[in-house]
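# Chains, contacts and geometry: an overview
Given next are the chains, with one letter for each unit.
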Amino acid sequence: MSSIELRQALLTRLGRFPEHVPLEPVFSSSIDEGDYTRIALTYMVEHSERVPAWLLIPKGDAPQGGWPAILAIHQHAGQFELGKSEPAGVAGDPMYFYGRELCRRGYVVLCPDQLCFEDRRPSEEERQAHYALNGMNYERFEFTKRLLSGSNLQAKYLHDLSCGLDLLSSLPDVNRSHLGAIGHSLGGQETLWLTWYDERVRAAVSSCGFGLLRTILRDNINHNFAAYIPGMLEIGDMDALVASLAPRPFMLTAGEHDPLFPIDGVRVLAKHAQQAYSQAGVPDHFQTLIFPAGHSFPSNVKAEAYAFLDRWLQNT
């Protein structure tokens, strides 16, 4: 199946996407972080639905053409109280402060909340009153609600993240031709899907974000609800999705002992993708880093990931 045929088949299975509306961004508090500024904002993604986010902007004069920009997508980890604040370096595990770290390397970084996380949850009063509106139950509710209307949670995530790229592109000091994405776990999954969906992503890094679906099913592993696209295995697996990204630069990192993604499936996936990039004449545009640990984003792995992004977003 060609990349065009795969895209059409997947879009059909993703179903109905939300309608785009004007962003109408509202910038509120601005916090001086020394070498960068952290700004709280919200923007529209659907009628009456706003996404809260942190925007990180380096201090100093923008380079000629504007700052390169990154969409930093947070992980899942069952920590629904955390979303944008972890990659922004405000709360959570410092291992996953990749948005803040990239800002300090010279990127404008947007860290949005995904639906069901942090400030995109029902109020505390609603969560206490209705079990379906709390934690994983709320994620399941949003997933099933969309299935009934001919859509799914992945389509919603893609729409909202694409709006995040719209927001970055609207900023006057951002180089619109140098947009990237990064994420760990759920964030890595969504980095892959967004790179496939939106060609404005020029380069991307996925940390421990995906493997072959058939090995996940083989080993009886559960994943987040956005990972499941109705009928996807009828047309292909995640290796086809990654291979279809060629020639755009993409890096995947994977822990050899990650219990969520069987490493044999990751290796098969990476081999298939590398062949596709080689056939496209750009083997160096795809990079795999498998490291001897579990589901994580260690500092030495991040260093290589950041260097990969720098190569394609800052040095070209």
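Residues numbered from 1 in each chain as written. Predicted model: local features only at pLDDT ≥ 70, side-chain atom pairs only at ≥ 80, totals over all residues. Heavy atoms only, no water.

As annotated in an unreviewed UniProt entry, the chain is BAAT/Acyl-CoA thioester hydrolase from Ktedonobacter racemifer DSM 44963.

### Focus on unusual backbone geometry
This is how the line gets drawn: Helix and strand labels come from DSSP, where a helix needs a run of H or I of at least four residues and a strand needs a run of E of at least two; each type is numbered from the N terminus. A 1.4 Å probe rolled over the protein chains alone gives each residue an accessible area, and that area as a share of the maximum for its type sets the label: buried under 20%, exposed over 50%, partly exposed in between.
Backbone torsion omega between Ala-246 and Pro-247 reads 15 degrees, so that peptide bond is classified as cis. Relative to the elements of secondary structure, Pro-247 occurs in the loop between α8 (238–243) and β8 (250–255). At Ser-185, a position not held by glycine, the phi torsion is positive, near 60 degrees. Relative to the helices and strands, Ser-185 resides in the loop between β6 (174–184) and α6 (186–197). A residue is classified by how much of its surface remains accessible, and Ser-185, at 10% relative accessible area, is buried. In this structure, Asn-220 is a non-glycine residue whose phi angle is positive, near 60 degrees.

### Overview of the environment of Asp-32
The condition that has to hold: In protein, a polar contact requires one atom able to donate a hydrogen and another able to accept it; more generally it is a pair of N or O atoms within 3.5 Å, and residues adjacent in sequence count only if both atoms are side-chain atoms.
Mapped onto the secondary structure, Asp-32 falls in strand β1 (residues 26–32). A C-alpha to C-alpha distance of 9.6 Å links Asp-32 and Lys-59, two positions 27 residues apart in sequence. Within the structure, the side chain of Asp-32 is placed 2.8 Å from the backbone nitrogen of Gly-34, a separation counted as a polar contact. A distance of 2.6 Å separates a polar atom in the side chain of Asp-32 from a polar atom in the side chain of Lys-59.

### A look at the environment of Gly-150
To keep things clear, this is the line we draw: We call two residues contacting when some pair of their heavy atoms lies within 4.5 Å.
With respect to the element layout, Gly-150 can be found in the loop between α4 (135–148) and α5 (153–170). Here Gly-150 falls in the partly exposed class, since its relative accessible area comes to 42%. For Gly-150 and Leu-241, which are 91 residues apart along the polypeptide, the C-alpha to C-alpha distance reads 22 Å. Excluding residues that lie within four positions of it along the chain, Gly-150 makes contacts with Leu-14, Gly-15 and Arg-16.

### Comments concerning the packing of aromatic side chains
The test is simple: Pairing of aromatic side chains requires ring centres within 6.5 Å, counting the rings of Phe and Tyr and the six-membered ring of Trp. Pairs whose planes differ by under 30 degrees are stacked, by over 60 edge-to-face, and all others tilted.
One pass over the structure, following the stated rule, counts nine aromatic pairs. Geometrically, the ring pair formed by Trp-193 and Trp-196 is edge-to-face, given 5.5 Å between the ring centres and 85 degrees between the ring planes. Here the residue Trp-193 and the residue Trp-196 both occupy positions in helix α6, the gap between them amounting to three residues, near one helical turn. Between Phe-308 and Trp-312, the aromatic rings sit 6.4 Å apart at their centres with planes inclined by 65 degrees, giving edge-to-face as the arrangement.

### Here's the deal with the pairing of strand β4 (residues 67–73)
Note the threshold: Whether two strands pair depends on DSSP finding at least two bridges between them. Handedness rule for crossovers: strands pointing away from the viewer, path from the first strand over the helix to the second running clockwise, crossover right-handed.
In terms of burial, β4 is a largely internal element, seven of the seven residues being buried. Every second residue of β4 is oriented toward a common face, with Trp-67, Ala-69, Leu-71 and Ile-73 on one face and Pro-68, Ile-70 and Ala-72 on the other, all of them buried. The pairing of β4 with β6 spans six bridges and is parallel. Paired with Leu-71 across the bridge in β6 is Ala-181. Handedness of the β4-helix α2 (residues 98–103)-strand β5 (residues 108–112) crossover: right-handed.

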